[in-house]
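# Summary of the model geometry
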Amino acid sequence: MSIEATPVAAGFAPVKGTRHQTYDAVELDEDGAVGDRGFCLVDVERRRVLKTVQNPTLIAVTAMLEGRRLDVVLPDGVAASAEPSPTGETVTCDYWGRAVELALLDGPHGALFSQHLGRDVRLAAAPRGGVIFGDAVTVLGTASLRDLAKRAGDPGLVAQAARFRPTLVVETDEPYAEERWLGQELRVGGVRLRVGVPIPRCAVIDLDPASGVRDLPVLKALASYRPLNRAGEPCFGVFARVDGPGTLSPV
């Protein structure tokens with residue numbers, strides 16, 4: 001038995017940690033959204049991939065991939081637009097207990113990000129799924145957003161799905177209906193997904209999705225009424241994997 005759902009938004013960030021972008025159409029293959037976190041920033045000396053929770057100002061940076069050209073714009077308007085090219089250097093980093101080999105890239109982007117962050121970083125190409133926690137696709141229901149906004153006393157959260165960086169937002173009538181789809185097939189347009197476990201949330205969701213400034217205690221609000229995992233993290237949305245590739249065009 002399949003569950004049918006209507007997509008209302010789809011998106012990703014081509015550079016891990018930068019602003020979550022929504023698109024008119026997103027291609028999904030067996031590894032998730034094509035272009036999703038295909039790049040990341042690396043502290044080469046420490047062999048560390050930069051994460052949003054430790055570098056919240058990355059959210060204020062806009063990154064868009066046009067073919068092979070990567071366009072990056074800082075909050076002050078300073079920009080870089082070029083096709084990153086491999087230098088032939090690689091660096092292996094630990095990412096959530098996995099050894100991930102990253103290809104360092106040449107181009108203006110590394111200097112731009114270093115300027116923004118105030119320290120030296122390098123832009124690197126990541127293997128598909130290499131710098132992604134959990135399954136490659138995340139799904140969030142509109143009713144869950146509405147319920148959270150009501151409980152948190154902030155109606156603006158309804159329009160801030162990007163705060164949770166979902167690959168896909170689907171129309172739902174009941175809050176947390178997506179959590180009852182575990183193991184089931186979800187059909188969204190011409191794409192078939194296999195729904196996984198709920199997503200544990202961290203302090204990143206307290207950050208404004210456009211500026212990266214901590215503005216709302218969303219994590220505390222969720223923790224006040226949502227189930228917690230062993231680490232004390234509340235869940236919101238679900239992971240999924242792609243069983244039937246295709247292109248999503250949200251309504």
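Residues numbered from 1 in each chain as written. Predicted model: local features only at pLDDT ≥ 70, side-chain atom pairs only at ≥ 80, totals over all residues. Heavy atoms only, no water.

Read across the open sheet, the three strands follow the order 8-9-10; overall the sheet is antiparallel. The two strands at the open ends of the sheet, each matched to only one other strand, are strand 8 (62-66) and strand 10 (79-82). Sheet twist, expressed as the average angle between the axes of neighbouring strands with direction ignored, equals 10°. (Pairing = 2+ DSSP bridges. Helix = DSSP H or I, 4+ residues; strand = E, 2+ residues; numbered from the N terminus. Axes fitted to C-alpha atoms, helices over the stretch in contact; angles between N-to-C directions.)

Sheet topology note: the strand 8/strand 9 (residues 69-73) ladder contains five bridges and is antiparallel. Counterpart to Leu65 in the pairing with strand 9 is Leu70. Here strand 8 folds back onto strand 9 in antiparallel fashion, the turn holding two residues, of which Gly67 has a positive phi close to 65°. Here strand 9 folds back onto strand 10, and the loop between the two strands holds five residues, one of which, Gly77, carries a positive phi near 95°.

Summed over the entire model, instances satisfying the criterion amount to 16 salt bridges. For Arg119, the salt bridge is made with Asp43, and the minimal N-O distance between the two is 3.2 Å. A residue pair is termed long-range when its members are at least 10 positions apart, and Arg119 in the loop between helix 1 (109-117) and strand 13 (122-125) and Asp43 in strand 6 (residues 39-43) qualify at 76 residues. For Arg119, a relative accessible area of 32% corresponds to the partly exposed category. Arg192 is the partner of Glu185 in a salt bridge, and the nearest nitrogen-oxygen pair spans 3.3 Å. Classification of Glu185 by relative accessible area gives buried; the value is 10%. Residue classification places Arg192 among the partly exposed residues on the basis of a relative accessible area of 28%. (Salt bridge = Lys/Arg side-chain N within 4 Å of Asp/Glu carboxyl O. Buried < 20%, exposed > 50% of the residue type's maximum accessible area, 1.4 Å probe, protein only.)

Honestly, it's all geometry; don't read function into it.
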